[in-house]
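Reading the structure
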Amino acid sequence: MNRPSLMLSRGVARVTEAALGPYQSAVVRIGFAGTWLLFLLREFPHRQELYGPSGPWGWNLAQQLTADNHAFTALLWSDGQLWFECFYTLAVLASAALLLGWRTRTASVLFMVGVLSLQNRSVFVGDGGDNVLHLMAFYLVFTRCGQVWSLDARRAAQEEAARARGERVPADRVGPVLWAVLGAALGTVTLTGRFDNGWLVPALLWTVWAGLGLWWAVGRRAAWEQPRILLDVVANILHNGALVVIMAEACLIYATAGWYKIQGSRWQDGTAVYYPLHLDYFSPWPALADLMSSSGTIMMIVAYGTVMVQIAFPFTLLNRRAKNILLVLMMTEHAVIAVVLGLPFFSLAMITADAVFLPTSFLRRLGDLAARARGRLARRAGRTVPGPRSPEESAADRVGFTA
């Protein structure tokens, strides 16, 4: 076999045999689910004005807009207050489930439905961070983001340990019940004609539902080894493809933002950062904003540095050391934006998008530190907890019904 063919075969094997970037996909899952959960909880007192049926952007106006742009939102299935309250609660619970990694596949789908429904209900109350969250919620459905740092991974590890000891593992009952309930809800919505604004989301929901059922049926048959391998390969390909799309999306965001900034006269003369610091809407700490903007040199360095970092970042992926340095700079910049300009959720969304490029070694050390801290807290509480497990040790990415 010649060298190109050998390299191609190795590449195909790498893409199909394993779901790559387990720690990176877990960080993306935790980051975006946590960001959305915090946003929903913070805006809970204001939920009526933002997304409610009697808010400033009324139900009729939202219906007219979605009829034109064909955006999906379950909040327009009814204009009743009870439906809105139940759906908002469902969005909070789905975010918490995805954050913890409980029934990750189903949680990711419900998370996507919650994000799309709320954001498309009132499109004029979001910012750039909401746009990133909107896209990433869709991509997360295709990932196997519960391989590590999740309740699914812990449950699979416990089941594997029980089998190794020769113990009988009880059949999963929660997954099939959850699958049946959601299937009945999906069928009801379809038969009543609620999916009237496009085919993409309904097709995706039905495909995921059917795939989970097939996954469970194949997993119950010990003799069906080849179908299990095929399903595992398909899941790995979808995961790895989605991870590449998430990385490409982050690069595209920074590249386009940087090139558009170059064309602006305020960025060219180095004064672009000065003006937002003196807008009341973006000045939660006026004294801090005045301190930062007191030096024209600092303002110019920040403006030029922002443009250079954003344009250069996609090209630094070819060099690991340069990429890591720019990651630190960009995350620091977003942390400063969160504090100085009062945009915490935008910054959290962008930091999470950046985290997909973090080195695996760093993330594993971070996980070990968190596990040790959890162990110390557990010992103080008088109980013990299991130590961290790597993806190779965990059975979370094996075929099984984890709806």
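Notes on the structure follow.

1. Here's the deal with the overall build of the protein
- Along the backbone of the protein there are 17 helices and zero strands.
- In terms of overall dimensions, the protein has a C-alpha envelope of 70 × 60 × 55 Å along the principal axes.
- A burial count over the protein gives 41% of its 403 residues as buried.
- Put simply, 75% of the contacts in the protein that link residues at least 6 apart link residues at least 24 apart.
- In the structure as shown, the protein presents an accessible area of about 22000 Å², 66% of it carried by carbon and sulfur atoms.
- Side chains of the protein carry 35 positive and 26 negative charges; the gap between the two charge centres is 11 Å.

2. Some words on a nonpolar patch on the surface
- Residues Leu100, Trp102, Leu151 and Val174 make up a contiguous nonpolar surface patch of roughly 340 Å² in combined accessible area.
- Topologically, leucine 151 is positioned in helix H8 (residues 151-164).

3. Describing the packing of helix H2 (residues 22-42) against helix H6 (residues 104-121)
- Direction vectors running N to C along H2 and H6 enclose 45°, while the axes themselves pass 12 Å from each other. Overall, the two elements H2 and H6 adopt an arrangement that is oblique. In this structure, H2 meets H6 at a crossing whose hand is left-handed. Counted together, Arg29, Phe32, Ala33, Trp36 and Leu40 of H2 and Thr104, Phe111, Gly114, Val115, Leu118 and Gln119 of H6 form the full contact between these two elements.
- Across the contact of H2 with H6, the residue classes tally to seven nonpolar, three polar and one charged.

4. Side note on the packing of aromatic side chains
- If you walk through the whole model with that rule in mind, you get 19 aromatic pairs.
- Centre to centre, the rings of tryptophan 83 and phenylalanine 87 are 5.8 Å apart; their planes meet at 50°, and the pair counts as tilted. Here tryptophan 83 pairs with phenylalanine 87, and both are found in helix H5 (residues 81-100), just four residues apart, close to one helical turn.
- Tryptophan 83 sits in the partly exposed class, given a relative accessible area of 29%.

5. Brief notes about the environment of leucine 243
- Assignment of secondary structure puts leucine 243 in helix H11 (residues 225-262).
- It is 18 Å that separates the C-alpha atoms of leucine 243 and arginine 364, two residues lying 121 residues apart in sequence.
- Apart from the residues lying within four places of it in its own chain, the contact partners of leucine 243 are Leu20, Gly21, Ser25 and Val356.

6. What about the pattern of salt bridges?
- Considering all chains together, one arrives at seven salt bridges under this definition.
- Residue arginine 144 is joined to aspartate 232 by a salt bridge in which the shortest nitrogen-to-oxygen separation is 2.9 Å. Highlighted residues: arginine 144 in the loop between helix H7 (128-140) and H8 and aspartate 232 in helix H11, separated in sequence by 88 residues.
- Judged by its relative accessible area of 9%, arginine 144 falls in the buried class.

7. Topic: the side chain of glutamate 43
- Locating glutamate 43 in the fold gives a position in the loop between H2 and helix H3 (47-51).
- Each residue touching glutamate 43, except ones within four places of it in the same chain, is listed here: Leu50 and Tyr88.

8. Considerations on a positive patch on the surface
- Residues Arg372, Arg376, Arg379 and Arg380 make up a contiguous surface patch of positive charge.
- Looking at the secondary structure, you find arginine 376 in helix H17 (residues 360-380).
- Take arginine 376: its relative accessible area is 44%, and that puts it in the partly exposed class.

9. Some details on the environment of alanine 33
- Here alanine 33 lies in helix H2.
- C-alpha separation for the pair alanine 33 and glycine 213, spaced 180 residues apart in sequence, amounts to 25 Å.
- Not counting residues within four places of it along the chain, the set of residues in contact with alanine 33 comprises Ser95, Leu98, Leu99 and Phe111.

10. A closer look at helix H9 (residues 174-191)
- Helix length check: H9, at 18 residues, gives a terminal C-alpha distance of 26 Å against a target of 26 Å (1.5 Å per residue), a fit within 8%.
- By the burial criterion, the buried members of H9 are Gly175, Gly183, Leu186, Gly187 and Val189. Projected onto a plane normal to the axis of H9, the buried residues spread over an arc of 160° and lie on a single side. Residues of H9 that are exposed and point more than 90 degrees away from the buried face comprise Val177, Val181 and Leu191.
- Here the buried face of H9 lies against helix H10 (200-220).
- Just beyond H9, the residue with positive phi is glycine 193, at close to 75°.

11. Some details on unusual backbone geometry
- Notably, histidine 70 is not glycine yet its phi reads approximately 60°, a positive angle.
- Summarising the element assignment, histidine 70 is placed in the loop between helix H4 (59-69) and H5.
- Residue arginine 103 is not a glycine yet carries a positive backbone phi of 50°.
- Positionally, arginine 103 belongs in the loop between H5 and H6.

About the criteria used
- Residues numbered from 1 in each chain as written.
- Predicted model: local features only at pLDDT ≥ 70, side-chain atom pairs only at ≥ 80, totals over all residues.
- Heavy atoms only, no water.
- Helix = DSSP H or I, 4+ residues; strand = E, 2+ residues; numbered from the N terminus.
- Buried < 20%, exposed > 50% of the residue type's maximum accessible area, 1.4 Å probe, protein only.
- Contact = heavy atoms within 4.5 Å.
- Areas by Shrake-Rupley, 256 points an atom, 1.4 Å probe, with all protein chains shown as cover.
- Lys, Arg positive; Asp, Glu negative; His and termini not counted.
- Charge placed at Lys NZ, Arg CZ, Asp CG, Glu CD.
- Patch = residues over 30% accessible without salt bridge, like charges linked within 9 Å, V, L, I, M, F, W, Y side chains within 5 Å.
- Salt bridge = Lys/Arg side-chain N within 4 Å of Asp/Glu carboxyl O.
- Axes fitted to C-alpha atoms, helices over the stretch in contact; angles between N-to-C directions.
- Parallel < 35°, antiparallel > 145°, perpendicular 65-115°, else oblique.
- Left-handed = near helix turned anticlockwise from the far one by under 90°.
- Nonpolar A, V, L, I, M, F, W, Y, C, P; charged D, E, K, R; others polar.
- Phe/Tyr/Trp six-rings, centres within 6.5 Å; stacked < 30°, edge-to-face > 60°.
- Expected span 1.5 Å × (residues − 1).
- Arc of directions from axis to C-beta.

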